[in-house]
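Here is how the chains run, residue by residue.
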There are 2 protein chains.
Amino acid sequence: MSQNSPAADPKTYRPDIRRVSIRGERDGVEVPFDELNLSNGEKILVNAVSGPQNIQGALPKIGKRFGTSEPSGEVRRCKKTQLEYAREGTITPQMEYVAIRESGKNGPDMAFTPQTVMQELASGHAALPCNANHPECEPMIIGSRFSCKVNANIGASSVSSGFSEELKKLRLALRHGADTVMDLSTGIEDLTGLRNAMLRASPVPLGTVPAYEALDRAEGKIDNLTWELFRDTVISQARQGVDYFTIHAGLTADLLPYAASRSLGIVSRGGSVMAAAMMRRGEENLAWEHFDELLEICHDYDVALSLGDGLRPGCIADACDKAQYGELANIGKLIERCRKAGVQAFVEGPGHVPFNRVEENERLEEILCDRAPFYTLGPLVTDIAPGYDHITSAIGGTAIAAYGAAMLCYVTPSEHLALPEEDDVKEGLITYRLAAHAADLAKGLPGARARDDAMARARAEFRWFDQFTLSLDPMHACEVWRSRMPENCSHTAAFCSMCGPRFCPIRLNRELTQKYSH
Amino acid sequence: MSQNSPAADPKTYRPDIRRVSIRGERDGVEVPFDELNLSNGEKILVNAVSGPQNIQGALPKIGKRFGTSEPSGEVRRCKKTQLEYAREGTITPQMEYVAIRESGKNGPDMAFTPQTVMQELASGHAALPCNANHPECEPMIIGSRFSCKVNANIGASSVSSGFSEELKKLRLALRHGADTVMDLSTGIEDLTGLRNAMLRASPVPLGTVPAYEALDRAEGKIDNLTWELFRDTVISQARQGVDYFTIHAGLTADLLPYAASRSLGIVSRGGSVMAAAMMRRGEENLAWEHFDELLEICHDYDVALSLGDGLRPGCIADACDKAQYGELANIGKLIERCRKAGVQAFVEGPGHVPFNRVEENERLEEILCDRAPFYTLGPLVTDIAPGYDHITSAIGGTAIAAYGAAMLCYVTPSEHLALPEEDDVKEGLITYRLAAHAADLAKGLPGARARDDAMARARAEFRWFDQFTLSLDPMHACEVWRSRMPENCSHTAAFCSMCGPRFCPIRLNRELTQKYSH
């Protein structure tokens, strides 16, 4: 019986979503999708990862099937990085995988071919993070030409949250469509154990900020934070399977006076760890100084570098200043070195930026960093809405992604106030999924509009349950609708509680169509 | 004792907001503001109306003091409209009032002088709705050069909501900063009584869509909806005190075939009433045909015309099509006629529009309608997020207001699903206040950044309670922060639950400032 038949009960509504997959030519390439099944027989494919279904058991180690890594003692190393494969003209299974994923189909009419993916990777305009020691990771691509991705930050701190709570948040993030997850845990006892549990449970790339663990290893004492300690942290995380590292290597000593003259100085935690170490020792940024050694480590396992914006503006007053743009110029130089070393890389961006200067941020990144993927936190377009900063940031986020940013780091409603709890993770992710999708529509990405168009048809035909199934949060949409409908109204009635039964524009449209359609 | 002293208790926190006022030179010009008092002695002025404080009693009838209207039998008429006063070079008390309101001060260094206000009104680039029969209304201005305004739609329907509930929503809307309110009630018994109660309780301009009541008067039968009935409805609402009318006069018969070929046809309720009448009778739009008579009525009481976009796109697929832009061109012609007749007017806009075409909508309006104020509903930048459409629409809303739109009609989380309830009204308004403010920042409006800058300083100095006081929803921000802080932490501790006490970037900034500031 169709869910839109008169007897359908909104109290028992569940979206009809089926897991399907599309195979590629290469071994191990089988790309999962969620198929939204509508009552009129329409089917809409949306991206998915296998994780959320299998997460109670062990995830399949699909990375091992691809043949791009090999054992080396107790850990695995990549044979070549995806960047190196792309440059020599080899299409890896990972590249075919993401081509199918981005296209929503396989075969000659794919919107994104494996060749396109290869070219974008070869030029450094896209990245495909996939540490050889995270075989559970299902390939995904970060680049302006592809759909906009969303990262969710989670992680425990000594003040709040725990081990099992973080795994729950990871699952929640996956369920609501996080494309990557960053573990920002600090100050807890078994950081390594937690990270291992997260890696084993994560079918999406996992990123970290190694400076956090390094400071923990230094027992919170900046004076103990040496290059050797930092390096050893990076090596152990790389061998564990972290797919990308945020490292604030572009924050050089000459920029500190600019930061000091700001309203809000440095608001990046990783950036301030680096800055503190520089100030205490009177030395240059240790990651800038030892960047070649970092590149060697990343190269061995194909860890991507996310060049952190330690000087991102923390308020509107500090936006687009010498500190921020000076660091971006440094990052541009580091991007060049990453490419020479065959290491995949992307660039982190602001922060707090007024709406009229969002586009400038994207363009400047493209110029200074030669179109390396831009991965931004918002930007937040005002400072005065704590409790609603998922919204202030989604406004700037949609804009910068429409202009070309490749990935957005989500911001939750608790930003500036507290660590996010479960509800915040969900609210933040849905907000960012809608922002990323709006940007895909704005970029005119092939196929991006299919779901919107299906929604319009469902609205025109009063297929309420199909509207819920097509929405980013089906159960919530259904619940709002159901709870406001008068009890005595049929739930398939051709009206809603907004206009009431008396006069409904949607009903008039049928008359209009009949009269003018020939 | 300062609220930021160690003994301050977040459980009893209340923002220290005091009502102040600034007097003008002219009689009756006394402009209220809310003064946010911070613990360091800083004071930030934000716009306010006297309504929310006095609403239990009768509001002062300040309109009568201004001397721009006079009794005429049982009702009042304006002597001249604000547009006519402006054109002849007369600065009315209303103009001085809004100049002070927009400037946040009086005297020679005002950012907006009464002359500027007069010029913007004279050119038709701004409107100041103030029906002679709504003396409770405190003057406010809608125009691109001024701060972006937010309208809240409320109103009962036969399916849901009642009389006292709507007054409660009105109060809520005023408390959260609605600059105007539209009463969209239909299908209830005593529409006139409800509207009267709302007018008497509203210190902000009140708008309506007369077609709704006209259809009610026709007992829901489109065939009974004659010009005479429509005209009588408009006259009675004008005499009652409605400040602006949304009339869908630009939806002409030649555009109906374009609407019929759309995915979602007509989604504007007022627009579809007009279209239905046209189709049933095979006649032209009655408001288009009788526009001169409507202008006469509006002129008598200084009702502003909000030229409705009956063909606004209801989905991404229908955006920017011949139906929408054809109607906009018609509205441009009507704007010319409004100006000739001395009637204030503005233009309603979309709707659902992909982010990349938002700017085009603003520019086209400026060209076709000679920069009459643009009043938009969103636009929503995707169709797939019912339950979150306050966000999808605030994204497009911020963008179009940054490009120049003068007023945004709020959208609540229940859009597309149900009539808004109280929580929705609050959530929608705060979302739109942040969007409007972000647009003011983007436009570089004088003084717009003061509150953001004060927030940045409060963050730099760990003045948590000042952060709450400066935020758009102080109690909510405080509650999120308080509920996540460990019980044993001092509430003035120089850290928060995000990073924990171990390492805090904000603390590092003090060190940074000491080292580099000379």
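Before reading further, recall that the structure is shown in the block above.
This write-up is about the structure you can find in this document. (Residues numbered from 1 in each chain as written. Chains lettered and ligands numbered in written order. Predicted model: local features only at pLDDT ≥ 70, side-chain atom pairs only at ≥ 80, totals over all residues. Heavy atoms only, no water.)

**Things to note about helix 5 (residues 114-122) of chain A**
Residue and element names in this part refer to chain A.
Consideration 1: Every buried residue belonging to helix 5 is among Pro114, Thr116, Val117, Met118, Glu120 and Leu121, and all of these are buried.
Consideration 2: In this structure, the buried residues of helix 5 make contact with helix 3 (82-87), helix 4 (93-103) and strand 6 (126-127).
Consideration 3: In the segment just after helix 5, Gly124 is the residue with positive phi, at about 80 degrees. (Buried < 20%, exposed > 50% of the residue type's maximum accessible area, 1.4 Å probe, protein only. Helix = DSSP H or I, 4+ residues; strand = E, 2+ residues; numbered from the N terminus. Contact = heavy atoms within 4.5 Å.)

**Description of the pairing of strand 8 (residues 149-154) of chain A**
All names here are of chain A.
Consideration 1: Summarising burial for strand 8: six of the six residues are buried, a large majority.
Consideration 2: Here strand 8 pairs with strand 9 (residues 180-183) via four bridges, running parallel. Its bridge partner lying in strand 9, Asn153 is registered against Met182. (Pairing = 2+ DSSP bridges.)

**Digging into the relation of the copies chain B and chain A**
Consideration 1: If you rotate chain B by 180 degrees and push it 0.0 Å along the axis, it lands on chain A with an RMSD of 0.0 Å. What we have between these two chains is a two-fold relation. Minimal C-alpha distance to the rotation axis in chain B is attained by B:Ile395, lying at 2.4 Å.
Consideration 2: Comparing interface residues between copies, 100% of those in chain B also sit at the interface in chain A, which points to an isologous, same-surface contact. (Least-squares fit on C-alpha atoms with pLDDT ≥ 70 in both.)

**Focus on the interface of chain B and chain A**
Consideration 1: Contacts between the two partners involve 106 residues from chain B, matched on the other side by 107 residues from chain A.
Consideration 2: A buried area of about 9000 Å², summed over both sides, lies between chain B and chain A, and 67% of it is on carbon and sulfur atoms.
Consideration 3: Per-residue buried area on chain B facing chain A is highest for B:Met279, B:Ile384 and B:Tyr388; these three make up 9% of the total on that side.
Consideration 4: For the interface between chain B and chain A, the tally reads six salt bridges.
Consideration 5: Across the pair A:Glu421 and B:Arg484 runs a salt bridge whose closest N-O atoms are separated by 3.2 Å.
Consideration 6: Across the contact surface, chain B and chain A share 26 residue pairs in polar contact (both at pLDDT 80 or more).
Consideration 7: The residue makeup of the side of chain B that touches chain A, split by class, is 58 nonpolar, 28 polar and 20 charged. (Buried area = accessible area lost by both parts, 1.4 Å probe. Salt bridge = Lys/Arg side-chain N within 4 Å of Asp/Glu carboxyl O. Polar contact = N/O pair within 3.5 Å; in protein donor to acceptor, adjacent residues only side chain to side chain. Nonpolar A, V, L, I, M, F, W, Y, C, P; charged D, E, K, R; others polar.)

**Quick notes on the sheet that holds strand 11 (residues 244-247) of chain B**
The strands making up a sheet associate through backbone hydrogen bonding, with each pair oriented either parallel or antiparallel.
Residue and element names in this part refer to chain B.
Consideration 1: Around the barrel, which closes on itself, the eight strands sit in the order 8-9-10-11-12-13-14-15 with parallel pairing between neighbours. With strand direction ignored, the average angle separating the axes of adjacent strands in the sheet is 25 degrees.
Consideration 2: By the bridge criterion, three bridges tie strand 8 (residues 149-154) to strand 15 (residues 407-409) in an arrangement that is parallel. Counted as the bridge partner of Lys149 is Met407 from strand 15.
Consideration 3: Across the sheet, helix 6 (residues 163-175) lies against strand 8 and strand 9 (180-183), angled at about 165 degrees from strand 8, the strand it touches most.
Consideration 4: Against the sheet, helix 14 (residues 322-340) makes contact with strand 12 (304-307) and strand 13 (345-349), and its axis sits at roughly 170 degrees relative to strand 13, the strand it touches most. (Axes fitted to C-alpha atoms, helices over the stretch in contact; angles between N-to-C directions.)

**Overview of the pattern of salt bridges**
Residue and element names in this part refer to chain A.
Consideration 1: A full pass over the atoms with the stated rule returns 64 salt bridges over all chains.
Consideration 2: Of the charged contacts, one joins Arg26 and Glu96 as a salt bridge, the two residues approaching to 3.3 Å between their closest N and O atoms. You can see Arg26 sitting in the loop between strand 1 (17-23) and strand 2 (30-37) and its partner Glu96 sitting in helix 4, a full 70 residues away along the chain.
Consideration 3: For Glu96, a relative accessible area of 3% puts it in the buried group.

Geometric values such as these leave the question of function open.
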